[in-house]
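Here is how the chains run, residue by residue.
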Amino acid sequence: MKVPVKVDGRQLTLSNLDKVLYPEVGFTKAEVIDYYSRIAPVLLPHLRDRPLTVKRYPNGVDGAFFFEKNAPQHTPSWLRRATLPVPGSTKNRETIDFAIIDDLPSLAYYANLAALELHVPQWKVGKDGTALPPDLLVLDLDPGPPATVVDCCRVAALIRDVLAEDGLAAWPKTSGNKGMQLYAPWDNRVEPSGYARELAQRLEKEHPRQVVSVMAKKLRPGKVFIDWSQNNPAKTTIAPYSLRANSRPTVSTPLLWEEVEDCENPEELVFTAPDVLARVEDHGDLFGQA
């Protein structure tokens, strides 16, 4: 069944609204679209001007999925796009026609495509359609079992202190999966991947029982891997407030530093779509608040 709707003056056709995309909890496509529509005021600032990569689940989280960087052929003409070079593309493409989500109609369009996960880089596209220098630094914290997000919280506090030494404010959020990320506004004092790598290596040296800075899985059990490579301009990270394709509709959720410091159980930092809507009612947008 198709339902024509008007969103901020743009005509959209929504489809299969009763399709269950999260079978374990019965969360439907209509609820996904509703979540993204309601969270848009705090989500859109973190998507705006950034080329979008989505992870689409047309048959729900238990079905097949695919990453999509190129805007689909049927993308409405009013949805902003930017054609950007992609050196080293695994599909031997010289450029990709990226979508850029600047407004609610564009977000609703992608939610209707069952684009559950929204991923963006740490740089923006300028008004002339070219890539700007990175404006964010990101450190992705991945716990190697039996380590959990509780261990990530301890490492996050260490990173926060190192960043503070360099005059950088750290913003924490959950990944929506098992780990978390720290972001900091970036002034391009040096190349961000090199800076992040040196930071990770320093903490590995100072806290060898807690931290590892290399991806080798054999080194990661019981430690937190600081993935500094997310600062590569070709890479993307899950956007704040994006859903994740888990059994429940979990969300990559901005955190208060008090929550990071006080966390003693992984479940304390698991937030679903309804949880996050309630948090925003209470706190507003925590992301970007040091």
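On a predicted model such as this, the values are computed, not experimentally measured, just so you know.

Draft legend 1. Up close: the overall build of the chain. Each helix and strand counted, the chain has six helices and 15 strands in total. With respect to the principal axes defined by its C-alpha atoms, the chain has extents near 60 × 40 × 35 Å. Put simply, the chain has 290 residues, and 51% of those count as buried. Roughly 13,500 Å² of accessible area belongs to the chain as shown, and the carbon and sulfur atoms make up 51% of that amount. For the chain, the distance from the average position of its 34 positive side-chain charges to the average position of its 38 negative side-chain charges is 6 Å.

Draft legend 2. Structural context of the pairing of strand 9 (residues 115-120). For strand 9, the tally of buried residues reaches six of six residues, placing the bulk of the element in the interior. Two strands pair when backbone bridges link them, and strand 5 (residues 53-56) and strand 9 are joined in this way by four bridges, in the antiparallel orientation. Note on strand 9: the bridge partner recorded for Lys55 is Glu117. With two bridges connecting them, strand 9 and strand 15 (residues 237-238) associate as antiparallel partners. Along strand 15, the bridge assignment pairs Val120 with Thr237.

Draft legend 3. Fine view of the sheet that holds strand 11 (residues 171-174). Here five strands make up an open sheet; going across it, the order is 11-12-10-14-13 and the pairing mixed. The open sheet is flanked by strand 11 and strand 13 (211-212), the only strands paired with a single partner. Two elements, strand 11 and strand 12 (residues 180-185), share four bridges in a ladder whose sense is antiparallel. Paired with Trp171 across the two strands is Tyr183, which belongs to strand 12. Seen against the sheet, helix 4 (residues 192-206) touches strand 10 (136-143), strand 13 and strand 14 (224-227) and runs at an angle of roughly 40 degrees to strand 10.

Draft legend 4. A look at the side chain of Lys173. When you line up the elements, Lys173 lands in strand 11. Comment: no salt bridge for buried Lys173; closest opposite-charge side chain is Asp140, at 7.3 Å. A polar atom in the side chain of Lys173 sits 2.5 Å from the side chain of Gln181. One polar contact links Lys173 to Ser252, side chain to side chain, over a distance of 2.8 Å. In this structure, Lys173 is in contact with Met180, Gln181, Tyr183, Ile238, Ala239, Pro240, Ser252, Thr253, Pro254, Leu255 and Phe287, ignoring residues within four places of it in sequence.

Quick notes on the rules
Residues numbered from 1 in each chain as written. Predicted model: local features only at pLDDT ≥ 70, side-chain atom pairs only at ≥ 80, totals over all residues. Heavy atoms only, no water. Helix = DSSP H or I, 4+ residues; strand = E, 2+ residues; numbered from the N terminus. Buried < 20%, exposed > 50% of the residue type's maximum accessible area, 1.4 Å probe, protein only. Areas by Shrake-Rupley, 256 points an atom, 1.4 Å probe, with all protein chains shown as cover. Lys, Arg positive; Asp, Glu negative; His and termini not counted. Charge placed at Lys NZ, Arg CZ, Asp CG, Glu CD. Pairing = 2+ DSSP bridges. Contact = heavy atoms within 4.5 Å. Axes fitted to C-alpha atoms, helices over the stretch in contact; angles between N-to-C directions. Salt bridge = Lys/Arg side-chain N within 4 Å of Asp/Glu carboxyl O. Polar contact = N/O pair within 3.5 Å; in protein donor to acceptor, adjacent residues only side chain to side chain.

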